[in-house]
Amino acid sequence: KPLGLTTGNDEHGWRALTACRLAGLLVPQQISVVSYGNDPIICEFCHPPLSSVIVDDGRIGFEAAQILDQLLEDPASHPANVPIAPGGIQERRSSEFIAVDDPLVARALYHIRDRRGLLSLNDLLRHLHVSQSKLYRRFQTALGRSPSEEIRAMRLITIREMLLSTDLSLTDIAIDVGFDHVSQLSREVKAAYGVSPTKLRREHMLR
């Protein structure tokens, strides 16, 4: 540990995540998992959600039709194997990690990601039963940044996901992530992404 694991299909990926959980291994902090197939029903309901290689079904169908047409024209022909590149990787939380050797930092990162950044530094310290100075020192050594910076970065990822994948109002999102006012949400988003939350959402919808 840490290591990366790939599986031949999403069901095996789900089984791998279950095995890791039963063995007490942290995903993705100790074991980063990527499967194949990108079945949203399986991948989204895994814990944590499973990253998976996207299958280019359209290309596979096209090439299969070409081969079938060739065989109908000449049954004795021997069509060549056609390599088909994947459609990329749908990244989810099972591979959302930069591996670290420090077990305390790994536990902290797991908790921050499990809570999607929606916690305070004091919440994290209570969960880990460690002092702020010790955790800060270990984070700086392992990652070159502070626990508070990691929480903020994870919270911003959560905010972005909520803006782009839900129709929640800015007020509802601000409340859900622990801000007292929408203005706080707007400042954080603009500082991170260079545009307002409304513009970020609109630009995504136009793509």
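Heads up: these notes are all about the structure in this document. On a predicted model such as this, the values are computed, not experimentally measured, just so you know. (Residues numbered from 1 in each chain as written. Predicted model: local features only at pLDDT ≥ 70, side-chain atom pairs only at ≥ 80, totals over all residues. Heavy atoms only, no water.)

### Considering the sheet that holds strand β1 (residues 3–6)
As summarised here, the arrangement of the four strands in space is β1-β2-β3-β4, forming an open sheet in which the pairing is mixed. Each of the sheet's edge strands pairs with one partner strand only, and the pair in question is β1 and β4 (89–90). With two bridges connecting them, strand β3 (residues 51–53) and β4 associate as antiparallel partners. Across the sheet, S52 pairs through a bridge with Q90, a residue of β4. Sitting on the sheet, helix α1 (residues 10–23) touches β1, β2 (31–36) and β3, and the angle it makes with β2 is about 160 degrees. (Pairing = 2+ DSSP bridges. Helix = DSSP H or I, 4+ residues; strand = E, 2+ residues; numbered from the N terminus. Contact = heavy atoms within 4.5 Å. Axes fitted to C-alpha atoms, helices over the stretch in contact; angles between N-to-C directions.)

### Here we look at the packing of aromatic side chains
Two descriptors summarise a pair of aromatic rings, namely the distance from one centre to the other and the angle between the planes of the rings. The full count for this structure, using the stated rule, is zero aromatic pairs. Positioned over the ring face of Y193 is R160, at 5.8 Å from the centre of the ring. (Phe/Tyr/Trp six-rings, centres within 6.5 Å; stacked < 30°, edge-to-face > 60°. Lys NZ or Arg CZ within 6 Å of the ring centre and 35° of its normal.)

### Quick word on the packing of helix α7 (residues 147–165) against helix α9 (residues 182–193)
Direction vectors running N to C along α7 and α9 enclose 100 degrees, while the axes themselves pass 11 Å from each other. Judged by the inter-axis angle, α7 sits roughly perpendicular to α9. When α7 is examined against α9, the residues R152, L156, I157, I159, R160 and L163 are found in contact with a partner set consisting of L185, E188, V189, A191, A192 and Y193. Grouping the constituent residues of the contact of α7 with α9 by class yields nine nonpolar, no polar and three charged. (Parallel < 35°, antiparallel > 145°, perpendicular 65-115°, else oblique. Nonpolar A, V, L, I, M, F, W, Y, C, P; charged D, E, K, R; others polar.)

### Quick look at a nonpolar patch on the surface
A surface patch of nonpolar side chains, about 200 Å² in accessible area, is lined by I60, V82 and I84. Secondary-structure assignment places V82 in the loop between α3 (57–73) and β4. (Patch = residues over 30% accessible without salt bridge, like charges linked within 9 Å, V, L, I, M, F, W, Y side chains within 5 Å. Areas by Shrake-Rupley, 256 points an atom, 1.4 Å probe, with all protein chains shown as cover. Salt bridge = Lys/Arg side-chain N within 4 Å of Asp/Glu carboxyl O.)

### Some points on the side chain of S94
Inspection of the secondary structure puts S94 in the loop between β4 and α4 (103–114). Here S94 falls in the buried class, since its relative accessible area comes to 0%. With residues near it in sequence (within four places) discarded, S94 still touches L17, V27, P28, I31, S32, V33, P48, P49, L50 and S51. (Buried < 20%, exposed > 50% of the residue type's maximum accessible area, 1.4 Å probe, protein only.)

### Description of the environment of G88
Along the chain, the position of G88 falls in the loop between α3 and β4. It is 10 Å that separates the C-alpha atoms of G88 and Y36, two residues lying 52 residues apart in sequence. Apart from the residues lying within four places of it in its own chain, the contact partners of G88 are S52, V53 and I54.

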